[in-house]
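Listed here are the chains, written in short residue letters.
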Amino acid sequence: MTDTRRTVLWIVFSLSLFLIWDAWMRHNGHPSFLSPASRQAASASAPAPSGGGSAPSLGSAAGVPGTPAGAVVVPGPGVVPGAAPAAMAPVASERVTITTDVVKATLDTRGGELLRLELLRHVDAVHPDRHEVLFDASAERLYLAQTGLVPAAGGSGLPNHLTAMRVLPGPRELAAGSDTLQLAFESPEVGGVKLRKTYTFTRGSYVVDVRHDVTNDSGQPVDPRLYFQLVRDGNALPGSSNFFGTSTYTGMAVYTDTKHFQKVDFPSVEKRTTEDKPNHEVTADNGWVAMVQHYFASAWLVDPAGAAKVPREYFTSKADVTNPQTGGNAHVYSVGMLVPLGTIAPGQTKSFDAKLFAGPQEETKLTALAPGLELVKDYGIFKILAEPLFWVLTQLHKILGNWGWSIIGLVVLLKIAFYWLNAKAYSSMAKMKAINPRVTEMRARLKDKPQQMQQEMMRIYREEKVNPLGGCLPIVVQMPFFISLYWVLLSSVEMRNAPWIGWIHDLSVKDPYFILPLLMTCTSVLQTWLSPTPPDPMQARMMWIMPLVFSVMFFFFPAGLVLYWLTNNLLSITQQYLINKRLGVLGK
């Protein structure tokens, strides 16, 4: 019975590490041992589903003056998604580049949309000589932030993200001593309405203030709605894998006070028909929309501090668009919201302020921006442990100033917290080692009488006051923390490109010279030697094989995780060595 329980525990531990190893292999571009890679890219013939309810759908822009062929706009209710667009000449546009201390943004006079955003303090994972690019409109990728106006009754006929605008003069680089940089676009009169869109970039910030000034020159009241949307294709990023596309989540999100964080992944939108209801809330007077990927996110926030809550409608959709860079057709997914501006009298101007966050998922900064925004950093099912572990790590980092030493400090704190629990476990293992010769002799003597052998074994355990499962306790206790820290290291952009010492320049990727995994292998073998050898020969062999198997997996794990486990092994060995020496079983 005891051997069976021990075997089950080892199987659970082995399976857990195998699943993590398999996931990490997929992260490095290798095929999974369990299932083929999932396909997120949409087929060209798939229908473009509606956002559901009264929310608008991402439909064709046919009939919108100045709309390029194949382009799409949020037209509001009444337009059939996927309708064939009219063949029209593309809108002439001008690209404008804005540079601050943290971003380099490229905007287009066509609708004043944000086409490209380089994050100047983050290095590209595939090309270390380049900056990380979030928004992009290239041959390989389409990811845009757009806004515009639609009539309350639906359709088009107001300035939108396809309208040709003119850029107003002003500086293009953040000047020394200045904290803000503004860029403004003005539309011509469309449907008797003019739109002025002003972007304000702030020093050291990934939040862009976007102000919309809507002027009614039509001679009669208008009742427009302002839409905010994030649009991107479903293609995997270079260097990424399905592992990050599912476990750390790549896709859309809608947040409201009632439903909280609602994931809307690309496959669910792909499968949705026009009759299906969306799997997110469609109306609210609070919340935000976001596009999430590993380490980074973008979000539209339309609740200025101190302002009254604004009603809005949320939508998610899939459709075909024209790539403004290549002119080719692309399949994209969009998430957005519609905000009614109310009636605007003739000659009146109404303004609306919003914020666009586009940058790294720095948890503390996200928390301060909007309720629930920190949830774009996805810990999966390990959130309950991962969040406090990350908090402890950040506090240690404030003191130590290095994420590698902070990880070591976290291990020390965990060992202190579980000191007495581990001490009891190691004492039990030491006692097991002490009586091991006696158990081995008894098993050999009663090998043909299994029932009597089991009874005799339990009698020996009772006499020696040994708990045969006590030595497995450290594994059970440490496993949830081990897996949770694994996700902290994978999900935290703070670990990205974070050095430790010497050859470890990035704790979020594997050790380039495999020094840490080799050291961990040695410590694992030493720890096995200090542990009691199971009486069963098969289990004894497995006991020595398992550390080697685990060590192979660790060769592909992030250096930060291997550092955590290596430090844990060293502290465990020290504690176990002292207990074995005190009980006189060292070397037995």
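First things first, this report covers the structure right here in the doc. (Residues numbered from 1 in each chain as written. Predicted model: local features only at pLDDT ≥ 70, side-chain atom pairs only at ≥ 80, totals over all residues. Heavy atoms only, no water.)

## Side note on the nonpolar core
Move 1: Counting residues in each nonpolar core, the largest one holds 75 residues, and the members touching the most others are L107, F135, F228, W288, W300, L356 and V376.
Move 2: If near-sequence neighbours (up to four positions away) are discounted, L107 is found in contact with E94, R95, V96, I98, G112, E113, L114, L115, L183, F185, Y199 and F201.
Move 3: Listed in part, the 41 residues of the second largest apolar core include L516, M520, F550 and F554. (Core = buried A, V, L, I, M, F, W, Y, C linked by side-chain atoms within 4.5 Å. Buried < 20%, exposed > 50% of the residue type's maximum accessible area, 1.4 Å probe, protein only. Contact = heavy atoms within 4.5 Å.)

## Comments concerning the packing of aromatic side chains
Move 1: Counted according to the given criterion, the structure contains 17 aromatic pairs.
Move 2: Here F135 and Y143 contribute two aromatic rings whose centre-to-centre distance is 4.9 Å and whose plane-to-plane angle is 75°, an arrangement assigned as edge-to-face.
Move 3: Summarising the aromatic geometry, the rings of F266 and Y333 are spaced 4.6 Å apart at their centres and angled 25° between planes, so their arrangement reads as stacked. Here F266 is found in helix α3 (residues 266-271), whereas its partner Y333 is found in strand β20 (residues 329-340), with 67 residues between them in sequence.
Move 4: Here R232 stacks its cationic end above the ring of Y143, 5.4 Å away from the centre of that ring. (Phe/Tyr/Trp six-rings, centres within 6.5 Å; stacked < 30°, edge-to-face > 60°. Helix = DSSP H or I, 4+ residues; strand = E, 2+ residues; numbered from the N terminus. Lys NZ or Arg CZ within 6 Å of the ring centre and 35° of its normal.)

## A look at a nonpolar patch on the surface
Move 1: The grouping of I399, L400, W405 and I501 at the surface amounts to a nonpolar patch, some 400 Å² of accessible area in total.
Move 2: One can find I399 in helix α5 (residues 383-400). (Patch = residues over 30% accessible without salt bridge, like charges linked within 9 Å, V, L, I, M, F, W, Y side chains within 5 Å. Areas by Shrake-Rupley, 256 points an atom, 1.4 Å probe, with all protein chains shown as cover. Salt bridge = Lys/Arg side-chain N within 4 Å of Asp/Glu carboxyl O.)

## Overview of the pattern of salt bridges
Move 1: One pass over the structure, following the stated rule, counts 20 salt bridges.
Move 2: E132 serves as the salt-bridge partner of R496, at 3.1 Å between the closest nitrogen and oxygen. Residue R496 is located in the loop between α9 (473-491) and α10 (515-530), and its partner E132 is located in strand β6 (residues 131-133); the two are separated by 364 residues in the primary sequence. Both residues of the pair, R496 and E132, count as buried.
Move 3: Between D353 and R211 there is a salt bridge whose closest N-O contact spans 3.0 Å. Separated by 142 residues along the polypeptide, D353 in strand β21 (residues 349-360) and R211 in strand β12 (residues 207-216) bring together distant segments of the chain.
Move 4: We classify R211 as partly exposed; its relative accessible area is 35%.
Move 5: Ionic contacts of the salt-bridge type, sharing partners, join the residues R116, E118 and D136 into one network.

## Section: the sheet that holds strand β14 (residues 251-256)
Move 1: Here we have nine strands laid out as an open sheet, ordered β9-β10-β11-β12-β21-β18-β17-β14-β15, and antiparallel in their pairing. Each edge of the open sheet carries a strand with a single partner, namely β9 (166-167) and β15 (260-264). (Pairing = 2+ DSSP bridges.)

## Focus on the pairing of strand β11 (residues 193-202)
Move 1: The buried fraction of β11 is high, at seven of ten residues.
Move 2: Bridge count between strand β10 (residues 180-186) and β11: seven bridges; the pairing is antiparallel. Its bridge partner being in β11, L183 is matched across the sheet by Y199.
Move 3: Hairpin connection of β10 to β11: six residues between the antiparallel strands, including G191 at a positive phi of 65°.
Move 4: Note that β11 and β12 share eight bridges and pair antiparallel. The partner of R196 across the bridge, within β12, is D213.
Move 5: Hairpin connection between β11 and β12: a loop of four residues separates the two successive antiparallel strands, and G204 in this loop has a positive phi of roughly 70°.

In short, shape yes, function no, at least from these values alone.
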